[in-house]
Amino acid sequence: MSQQQFCFCTLALGKVYRALAGLLAKDLELYAPNTALIILTDNPQEFSKYSQVLAFEHQQQGVKCYHDKRFAVAKALSLFNSCIFIDSDMRILAPISEDMEWLLAPGISARACMDMPKKFAKASTTTNKKFQREIEVIKKAAQFLNLDPECQNVTFVHEYLFSVTKSTGKEIEFLETWEILAKYFELNGIYEGEGNAIGLAAYKAGLPVRWSEMTGISFFNNKTELIKIQKGQSNMDEMSTYFEEHERITHPKRSILGKIIFKLTKATMHLYRTIKYRIVNTYFLEERREKVS
């Protein structure tokens, strides 16, 4: 596939994630100089020094920003036939292949995914109330879409790295349904796990979801890399620089007062966004019910 037919895309809101996205942009500048990186961010000017970055203004829409990833995917698909969403805190480790046949197939390819019933089965073996609540809302969201609440044919997508290739307009319905589900989950107090919405929306739209090794993309993700190290598939000494850079940006040194102010500000903003979100979207789901019937 020509690099001009696809792009990478990500979301970078706030100082920390803009800094992380800057590292990602440098990686792609080195390893995929002809491939665009679309960034939705609250400060586009910060990325003006990167020739291949297309930065677009975006202000956080959700209570938390996880479901805002859909806007990055939508912008990317408005400009390219395929896009690869990559979390802004990830890194690229080697040249990107120009021959990624898996990207040609219409639909979603995910580096990690899981049959939804398998995820449901985990709820019966844990006492984690938050996780059990998440499963409950997933089933109710499926019913809202007039789907089987047991989600027998739905695939949960681990959202840190996945691609979307256009499929005769199904990708548009997918994004529209994701928007509805973003509202549904957040109005029901589930702010993370956007992979649930991705899987449900794709199934509703008839957009295929498949696991892919994503041959041609060598990447660093701090969480998955730790698992690889534990399994003996990676080496901490070789990856230490990436871990250190990630830690330096995500956990900057603060005084005790600075830590208190940071936590209070974060809690206040969360409360503000929650109240505002409910006021703005009180009637949203009822107005959209007919669209998904």
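Above: the structure in question.
Residues numbered from 1 in each chain as written. Predicted model: local features only at pLDDT ≥ 70, side-chain atom pairs only at ≥ 80, totals over all residues. Heavy atoms only, no water.

Visitor: Describe the overall build of the protein chain, listing the residues and the values that go with them.
Guide: For the protein chain, the helix and strand inventory stands at 10 helices and 11 strands. Taking 293 residues into account, the globule formula puts the C-alpha radius of gyration at 19 Å, and the protein chain, at 19 Å, falls close to it. Considering the protein chain as a whole, with its 293 residues, one finds that 47% of them fall into the buried category. Once local pairs closer than 6 in sequence are excluded, the contacts in the protein chain between residues at least 24 apart make up 77%. Just so you have it, the protein chain exposes about 15000 Å², and 53% of that area is on carbon and sulfur atoms. Side-chain charges of the protein chain comprise 38 positive and 34 negative groups, with the mean position of each set lying 6 Å from the other. (Helix = DSSP H or I, 4+ residues; strand = E, 2+ residues; numbered from the N terminus. Rg over C-alpha atoms; globule rule 2.2 N^0.38 Å. Buried < 20%, exposed > 50% of the residue type's maximum accessible area, 1.4 Å probe, protein only. Contact = heavy atoms within 4.5 Å. Areas by Shrake-Rupley, 256 points an atom, 1.4 Å probe, with all protein chains shown as cover. Lys, Arg positive; Asp, Glu negative; His and termini not counted. Charge placed at Lys NZ, Arg CZ, Asp CG, Glu CD.)

Visitor: Tell me about a nonpolar patch on the surface, and name the residues and values.
Guide: Taken together, the side chains of Leu271, Ile275, Ile279 and Val280 define a hydrophobic patch exposed on the protein surface, amounting to about 420 Å² of accessible area. The residue Ile279 is located in helix H9 (residues 256-281) in this model. (Patch = residues over 30% accessible without salt bridge, like charges linked within 9 Å, V, L, I, M, F, W, Y side chains within 5 Å. Salt bridge = Lys/Arg side-chain N within 4 Å of Asp/Glu carboxyl O.)

Visitor: For unusual backbone geometry, give the residues involved together with the corresponding values.
Guide: Non-glycine residue Cys151 carries a positive phi angle of around 50°. If you trace the backbone, Cys151 turns up in the loop between helix H4 (129-144) and strand S8 (155-157). Under the relative-accessibility criterion, Cys151 is labelled buried at 1%.

Visitor: Lay out the nonpolar core in plain terms, naming residues and giving numbers.
Guide: Val73, Phe162, Phe174, Trp178, Phe185 and Leu200 are the most contacted members of the largest nonpolar core, which totals 57 residues. Tallying contributions element by element places helix H5 (residues 170-187) first for this core, with 9 residues. Look past the residues within four positions of Phe174 in its chain and what remains in contact with it is Ile108, Ile198, Ala201, Ala202, Ala205 and Leu207. With 27 residues, the next largest nonpolar core counts Ala21, Ala32, Ile92 and Ala112 among its residues. (Core = buried A, V, L, I, M, F, W, Y, C linked by side-chain atoms within 4.5 Å.)

Visitor: Kindly report on helix H2 (residues 69-77), identifying the contributing residues and their values.
Guide: The complete set of buried residues in H2 reads Lys69, Arg70, Ala72, Val73, Ala76 and Leu77. The buried residues of H2 occupy an angular sector of 160° when the element is viewed end-on, so they sit on one face. Packing partners of the buried residues in H2 comprise strand S1 (6-12), strand S2 (37-41), strand S4 (82-86), strand S9 (161-165), H5 and helix H6 (194-205). (Arc of directions from axis to C-beta.)

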